[in-house]
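Analysis of the macromolecular model
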Amino acid sequence: MMRKWKDDVLLCLIYLAAFFTEFLLIGILGYVFVKGFPQVSLSFLTNVTSVLQGTAGIAGNFVNTLYMVVMTLAVAVPFGIGAAIYLNEYARPGRVVRLIEFTTETLAGIPSILFGLFGMVFFGTTLGLGYSILTGALTLALMVLPLITKNTQEALKAVPEAYRSGAFGMGAGKWYMIRTILLPAAMPGIVTGILLSVGRILGESAALLFTAGSGYFLPRSFGGWFRKLSESGGTLTVQLYLSMSKAQYSVAFGIAAVLLCMVLGINFLVRMLAKKWDAV
Amino acid sequence: MAGDKGQRRMTQCKMMTEKLNVYYGKRHALKDVDIRIRSHAVTALIGPSGCGKSTFLKTLNRMNDLVGNVRIEGQVYLDGEDIYSTRMDVTRLRKRVGMVFQQPNPFPMTIYDNIAYGPRIHGIKGKEQLDGIVERSLRQAAIWEEVREGLYKSALGLSGGQKQRLCIARALAVEPEVLLMDEPTSALDPVSTLKVEELMTAFKQKYTIVIVTHNMQQAARISDDTVFFLEGELVESDTTARLFSHPADRRTRAYINGRFG
Ligand SMILES: Nc1ncnc2c1ncn2[C@@H]1O[C@H](COP(=O)(O)OP(=O)(O)OP(=O)(O)O)[C@@H](O)[C@H]1O
Ligand SMILES: [Mg+2]
């Protein structure tokens, strides 16, 4: 009798907690969308902010964001996957591997502003890349490297030993086995790591403010699209931060709505891929 | 060796070991093993758990190379050629000496790609040629009729017995000369076991087969020669008929009568 009563109370509390969490999420999403969507017009999406013309737009920041995502991944994905393969398949288990794994985990927990500080001094000043998308991308690559390495490594660890011996028993060389068996089998984990990284890149402001800067112009000529890498460029999130600090709240909410849409899109993609892979 | 006379001298020897010693770190897993494996015969390896049967099998196609702290001494010959010599190409060796594992281990890909995996390693790329190899191998492993409709389905959807026959087909696809099988039926139901046993008997025409088994009836049913191991030592090696009817060593007699192991 007593137990039944306790169970009911507990169940009630659990429901309450679940309801509260859900409510919070929907509340925030709803608030941002209601405040933000009126801002999001075609001209907001396709124009660049200009004091002279009196327009407000985020096209430049949107392009910067794409550049940042692509460049960061271009550096971090090969290094991350390579490191994971090395750690899991080539290195002899021992102190060195444990040290590297420990370092990777620590790296994942460092506040992003520290990456910003390091990136600004090392890539910006020492390597002379200045405030540029490249400096920002290299900085973010360091930041997301652990994410990709860790996820790839976990996926590789989950591949049954029997697949490896099966392939070797057929006469496969090590690299051939990795290419044809391991990487395909680990693909879900690799993609998860990449998508989580995209999420981090989209959400980052502190590490970018002093590395990639806050430029928001679109290139004017064909060559400009290439020069862009060495020019300052603020992502959507950086622009959101700057707009807030200038009390331009309507613009800020507009950007926030666009960002949320992108993040939701990525989450949706992750779930779809997960489902597809589970089915195999 | 007890059985090295009479009819055994007449037939050709496919593989042979001389003073084979294997160590895992400090553990002495195989001690001075001398074996001759007859061509086109089924040789069964028997003995209690941990006596070194799998270890011995793996030295025959150098799968032991993959173990971290292993040390191998002595010689292993395939057609008179020392397979541990530096001139030996391991990829080619494993093409000639194929392996089937205890747990069926099809790769997470289509049935077709599983069978084509080996041929592709060895440079066969043509679609028509691969199609032919896939059909021939699946037929040889007596699984063609069951999977011909679903060649492009994942191999992971097959039953345990089908998976094992698929793995046999996969090993046959590279046309090996020797087939090593480590307890290939211990994870299978009686019907699948029977099918695999029938295959092995049929394979004798083309291949030399070495099989590890814990099942005395199986060894007696399908093998021509039997080798008995105990604690890393070869105790007795003879034709199956003689070893089971007149074991020379009392430890062999005790083992086949089920008194230990
Ligand atoms: N990778 C390894 N590292 C260390 N010791 C090993 C390794 N593999 C096998 N051994 C040891 O070598 C001995 C022989 O092992 P092996 O696997 O060859 O036995 P087995 O006869 O196949 O046994 P089972 O019938 O249980 O399969 C065992 O004592 C085992 O503990
Ligand atoms: Mg074994």
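1. A look at the site of ligand 1
Residues and elements named next belong to chain B. Neighbouring residues of ligand 1: 13 residues in total, closest S49, G50, S54, T55 and H214. A distance of 2.8 Å is found between an oxygen atom of ligand 1 and a side-chain nitrogen or oxygen belonging to R27. Taking S49, its side chain carries an N or O atom lying 2.4 Å from an oxygen atom of ligand 1. Coverage of ligand 1 by the protein amounts to 67% of the 630 Å² it exposes when considered alone. At the level of elements, β2 (27–38) and α2 (53–59) are the ones that each hand at least two residues to the shell around ligand 1.

2. Thoughts on the packing of helix α4 (residues 111–121) of chain B against helix α5 (residues 127–140) of chain B
All names here are of chain B. Packing of α4 against α5 leaves a shortest axis separation of 9 Å and a crossing angle of 110°. It follows that α4 is roughly perpendicular to α5 by the angle criterion. Between α4 and α5, the contacting residues are I111, Y112, I115, A116, P119 and R120 on the first element and K127, L130, D131, I133, V134, S137 and L138 on the second.

3. Remarks on helix α1 (residues 2–36) of chain A
The first and last C-alpha atoms of α1 of chain A sit 51 Å apart over 35 residues, in line with the 51 Å expected at 1.5 Å per residue. Buried residues of α1 of chain A: L29, V32, F33 and G36 of chain A, and no others.

4. A short note on the side chain of E89 of chain A
By the secondary structure assignment, E89 of chain A is in helix α3 (residues 59–90). Setting aside residues no more than four positions away along its own chain, E89 of chain A makes contact with L156, R164, K174, M177, I178 and L182 of chain A.

About the criteria used
Residues numbered from 1 in each chain as written. Chains lettered and ligands numbered in written order. Predicted model: local features only at pLDDT ≥ 70, side-chain atom pairs only at ≥ 80, totals over all residues. Heavy atoms only, no water. Near = heavy atom within 4 Å. Polar contact = N/O pair within 3.5 Å; in protein donor to acceptor, adjacent residues only side chain to side chain. Areas by Shrake-Rupley, 256 points an atom, 1.4 Å probe, with all protein chains shown as cover. Helix = DSSP H or I, 4+ residues; strand = E, 2+ residues; numbered from the N terminus. Axes fitted to C-alpha atoms, helices over the stretch in contact; angles between N-to-C directions. Parallel < 35°, antiparallel > 145°, perpendicular 65-115°, else oblique. Contact = heavy atoms within 4.5 Å. Expected span 1.5 Å × (residues − 1). Buried < 20%, exposed > 50% of the residue type's maximum accessible area, 1.4 Å probe, protein only.

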